[in-house]
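Commentary on secondary and tertiary structure
What follows is the residue order along each chain.
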Amino acid sequence: VQLQASGGGLVQPGGSLKLSCRASGRIFSISDMTWYRQAPGKQRELVARITYKGSTDYEDSVKGRFTISRDNAKNTVNLQMNTLKPEDTAVYYCNAFIINELKFGQIYWGQGTLVTVSS
């Protein structure tokens, strides 16, 4: 099982980006899917989380600007980021609790994708 993140890049302040993360392998089911970020010199922080049924939770600074969604059929989680600010610059990581076909569950991390917000 692995998670593959994509969609990062350079964007101007006020712009938008969409991150995606797809889980692949021998998957039975996926519980919570989460996006974290880590800015230079700072600790990793939770950005947004979505449960299997679609309940969401956001870090205060991104509420109203970021939207997390998932496609359970495609084992994918997305993060739509609008009105980006320089302080959103960070490496973004996806995370998911995945139960494999042997009914063993554990947390997996994607490889990280860099988002740079700068003019």
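Model, not experiment: these values are computed from the prediction.

The next subject is the side chain of R70. Considering the arrangement of structural elements, one finds R70 in strand β7 (residues 66-71). Of the side chains bearing the opposite charge, D32 lies closest to the buried R70, which forms no salt bridge; the N-O distance is 5.6 Å. Within the structure, the side chain of R70 is placed 2.8 Å from the backbone oxygen of S31, a separation counted as a polar contact. If we skip the residues at most four places from it in the chain, R70 touches I30, S31, D32, M33, I50, T51, Y52, T76 and V77.

What follows concerns the pairing of strand β8 (residues 76-81). Among the six residues of β8, five are classified as buried, and the element is accordingly described as predominantly covered. Here strand β3 (residues 17-24) runs beside β8; their pairing, made up of six bridges, is antiparallel. From the neighbouring strand, S20 faces β8, where its bridge partner is N78. Bridge count for β7 against β8 is six bridges, and the pairing is antiparallel. Paired with R70 across the bridge in β8 is V77. Here β7 hands over to β8 after four residues, with N75 in that stretch at a positive phi of 55°.

Criteria and thresholds
- Residues numbered from 1 in each chain as written.
- Predicted model: local features only at pLDDT ≥ 70, side-chain atom pairs only at ≥ 80, totals over all residues.
- Heavy atoms only, no water.
- Helix = DSSP H or I, 4+ residues; strand = E, 2+ residues; numbered from the N terminus.
- Buried < 20%, exposed > 50% of the residue type's maximum accessible area, 1.4 Å probe, protein only.
- Lys, Arg positive; Asp, Glu negative; His and termini not counted.
- Salt bridge = Lys/Arg side-chain N within 4 Å of Asp/Glu carboxyl O.
- Polar contact = N/O pair within 3.5 Å; in protein donor to acceptor, adjacent residues only side chain to side chain.
- Contact = heavy atoms within 4.5 Å.
- Pairing = 2+ DSSP bridges.

So yeah, pure geometry; function would need other evidence.
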